[in-house]
Amino acid sequence: MIAKVTRMNEILEQALLYDFYGELLTSHQKEIYEQFLLDDLSLGEIAQDAGISRQGVHDLVKRCQKTLEGYEAKLHLVERFLSVKEKVSEIDRMLGEWEQKKQDPEEIAGKIRKLSSAIIEEL
């Protein structure tokens, strides 16, 4: 079960990287990588369809992964996106508390201002 969760996290991470940086790949790389990642085709299926070897598909997929990870290492767009998403979720949670009158409105407003400032800094 843990292996499935780990694999799913890897797939989600690769999908996010592709969403942010996929347009920087060549059309051939995008086609093969989409078939592997998004369409969940096997290396053999992709190889047969593309008319290349299974090893060629494997190497291309690995190169694409490294390329996308390299872009993220330099640009950090996915990292920033996830950080902002987390802060917005926290703001939403605080507003829920405010609506339920669980906290002082002025305290919540201060926390929201702090989080919104942090979001602006990240952008």
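Below is a summary of the structure that appears in this document. Predicted model, so just to flag it, every value in this text is computed and none were measured.

Empty space within the largest pocket amounts to approximately 170 Å³. Lining the largest pocket, in full, are Arg7, Glu10, Ile11, Glu13, Gln14, Phe36, Leu37, Lys62, Gln65, Lys66 and Glu69. Broken down by secondary-structure element, the contributors of at least two residues to the lining of the largest pocket are helix 1 (2-21), helix 2 (27-37) and helix 4 (54-75). With 5 residues, helix 1 is the single largest residue contributor to the lining of the largest pocket.

Together, Glu31, Glu34, Asp39, Asp40, Glu45 and Asp49 make up a negatively charged patch on the protein surface. Those elements that provide at least two residues to the negative patch are helix 2 and helix 3 (43-50). Positionally, Glu31 belongs in helix 2. For Glu31, a relative accessible area of 44% translates into the label partly exposed.

Definitions and limits used
- Residues numbered from 1 in each chain as written.
- Predicted model: local features only at pLDDT ≥ 70, side-chain atom pairs only at ≥ 80, totals over all residues.
- Heavy atoms only, no water.
- 1 Å grid on protein atoms, 1.4 Å probe; cavity = no way out; pocket = protein on both sides within 12 Å on 5 of 7 lines; lining within 4 Å.
- Points joined across faces, edges and corners; volume = space filled by probe spheres on them.
- Helix = DSSP H or I, 4+ residues; strand = E, 2+ residues; numbered from the N terminus.
- Patch = residues over 30% accessible without salt bridge, like charges linked within 9 Å, V, L, I, M, F, W, Y side chains within 5 Å.
- Areas by Shrake-Rupley, 256 points an atom, 1.4 Å probe, with all protein chains shown as cover.
- Salt bridge = Lys/Arg side-chain N within 4 Å of Asp/Glu carboxyl O.
- Lys, Arg positive; Asp, Glu negative; His and termini not counted.
- Charge placed at Lys NZ, Arg CZ, Asp CG, Glu CD.
- Buried < 20%, exposed > 50% of the residue type's maximum accessible area, 1.4 Å probe, protein only.

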